[in-house]
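# Secondary and tertiary structure notes
Read off the chains here:
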Amino acid sequence: MDSPGDGKPSVAVCIVTYNSAGDIEECLNAVLRQVHPVTSIVVVDNVSTDGTRDVLTRFRADIRLILNERNNGFAGGQNQAIAASAPSDYVLVLNPDVSLDPDYVAEIVAIMERDPRIGSATGMLVRADRPEIMDSAGLTLRPDRNAVDLAVGEPVADWTSPREIFGVSGAAAMYRRAMIEDVSNNGQFFDEDFFAYKEDVDVAWRARHLGWKAVYVPSARAVHRRGWKPGGRRSMPLFVRRHSYQNRFFLLIKNEPAGPHLFLLIPRLLFVEAAKLGYILLREPGLLACWPHIARKLPAMLAKRRRLFRRMLSKR
């Protein structure tokens, strides 16, 4: 790969694939066309069976390829890739179904270099089928503590101004290496107990607790072809829905601070979760099988919470 040269910050790109044969070639070609030199591209494949590995072998000269013998999840796979990409100044965590404009990296790095407190940034992600419509401008945390993509479904024309945001989606997230090292918990940047889904929200929340900023950079543009197309929750495999459901509780256990606000928050959460539970009992009872797993993981999540808040207090 290219060397940054001219004192430019070094950038590594980290991709995790799982049956991504239809997307990964376009994704990698877009990375290779970046105006800002990319120091390394690390791809971790989680035992794809659809020909993804055949596609990746054609890029052997341009990438470092790690072929897992078991599915290590998005979180574990990205942690592998991030470790293998050291010691770059920045890490771009990228989904294989995202295609970057050539100046995506350059535009984001330029903004992040202006303020060392910016730990993460994302560009304007637009829909592949309707590029005038936003796919994501990062993450926002609602009052009921559900994290959602910011700007999803809104006109691109309404999102042309940069702004500070709660956090960045893992689809095309630029992280400062210094932040990765600062917010990692026992060596894990993405919490591998999450396996997949909401692990980027967990990182965003942890980073905010520890004083890092996240920003949206609209001059950096990318197309997101989302792995799960519109069609409702029932179109997603059960294991996906289970991880999404249980990881919401892991998020709250690990990151929700204690304080007087809980007297208002807890009734809201109980109402939301009771309504959700009613729906699950009627329509998706298979999700309830994750509750024993949540109970088993509770001590570990509480330990991670204690470490996080001790660190937060030590930074004040």
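Keep in mind that what you see is a predicted model, and the values were worked out from it rather than measured.

## Concerning the nonpolar core
I82, M134, Y175, M179, F189 and F190 are the most contacted members of the largest nonpolar core, which totals 39 residues. With four residues, the top contributor of residues to this core is helix 3 (residues 73–84). Apart from residues no more than four positions distant in its own chain, I82 is found in contact with C14, V91, V93, R177, I180, F189 and F190. Counting 35 residues, the second-largest nonpolar core is a separate cluster that includes F59, L100, Y104 and A121.

## Comments concerning the pattern of salt bridges
By the definition in use, this model includes 22 salt bridges. When the shortest N-O distance is used, the salt bridge between R58 and E25 registers 3.2 Å. Highlighted residues: R58 in the loop between helix 2 (52–57) and strand 3 (64–67) and E25 in helix 1 (residues 24–32), separated in sequence by 33 residues. According to the relative accessible area criterion, R58 is exposed, its value standing at 54%. Between D115 and R117 there is a salt bridge whose closest N-O contact spans 3.1 Å. Taking the relative accessible area as the measure of exposure, D115 reaches 13% and is therefore buried.

## Some thoughts on the packing of aromatic side chains
Any pair of aromatic rings gets described here by the distance separating the centres and the angle formed by the planes. With the rule as written, the count across this model stands at ten aromatic pairs. With centroids separated by 6.4 Å and ring planes inclined at 70°, the aromatic side chains of F166 and W205 adopt a geometry described as edge-to-face. Of the two residues, F166 sits in the loop between strand 10 (163–165) and strand 11 (172–176) while W205 sits in helix 6 (residues 199–209), which places them 39 residues apart along the sequence. Its relative accessible area of 13% is what places F166 among the buried residues. In this structure an aromatic cluster arises from ring pairing among F74, Y175, F189 and F190.

## Focus: helix 9 (residues 291–315)
Taking 1.5 Å of rise per residue, 25 residues should cover 36 Å, and helix 9 covers 35 Å from first to last C-alpha, within 8% of that figure. Taken as a whole, helix 9 carries its principal kink of about 45° at L298; the proline P299 stands between one and four residues after it. Along helix 9, the residues classified as buried are I294, M301, A303, K304, R305, L308, F309 and M312. Tucked inside the fold, the buried residues of helix 9 contact helix 6 and helix 7 (238–255).

## Considerations on the pairing of strand 6 (residues 118–127)
Counting buried positions along strand 6 yields nine of ten residues, so the element is predominantly enclosed. Sheet topology places strand 6 next to strand 12 (residues 213–224); nine bridges connect them, and they run parallel. Looking at strand 12, one finds that T122 is bridged to Y216. Where strand 6 meets strand 11, three bridges bridge the pair, whose relative direction is antiparallel. Counterpart to A121 in the pairing with strand 11 is M174. Of the strand pairs in this sheet, strand 6 and strand 7 (residues 134–136) are connected by two bridges, and their pairing is antiparallel. Within the sheet, the bridge partner assigned to V126 lies in strand 7 and is M134. Here strand 6 hands over to strand 7 after six residues, the two strands then running antiparallel side by side.

Definitions and cut-offs
- Residue positions are counted from 1 within each chain, in the order its sequence is given.
- For a predicted model such as this one, the threshold for reporting local features is a pLDDT of at least 70, and the threshold for listing and counting side-chain atom pairs is 80 or more; totals across whole chains, interfaces and linings nevertheless cover every residue.
- Processing note: side-chain calculations cover all non-hydrogen atoms of the structure and skip hydrogens and water entirely.
- Take the buried Ala, Val, Leu, Ile, Met, Phe, Trp, Tyr and Cys residues and link them wherever side-chain atoms come within 4.5 Å; each set so joined is a nonpolar core.
- For the exposure calls, accessible area comes from a 1.4 Å probe over protein chains only, and a residue counts as buried if that area is under 20% of its type's maximum, exposed if over 50%, partly exposed in between.
- Numbering goes from the N terminus for both helices and strands, where a helix is a DSSP run of H or I of at least four residues and a strand is a run of E of at least two.
- Note on contacts: a residue pair qualifies if any of its non-hydrogen atoms lie within 4.5 Å across the two residues.
- Whenever Lys or Arg places a side-chain nitrogen within 4 Å of a carboxyl oxygen from Asp or Glu, that contact is recorded as a salt bridge.
- Any two of the Phe, Tyr and Trp rings considered here, Trp counted by its six-membered ring, make a pair once their centres fall within 6.5 Å; the pair's planes then place it as stacked at under 30 degrees, edge-to-face at over 60, or tilted in between.
- Take the residue count of a helix, subtract one, and multiply by 1.5 Å to get its expected span.
- The reported bend at a residue is simply the angle between two axes, fitted to the 7 residues ending at it and to the 7 residues beginning with it.
- Strands were regarded as paired on the criterion that DSSP finds at least two bridges between them.

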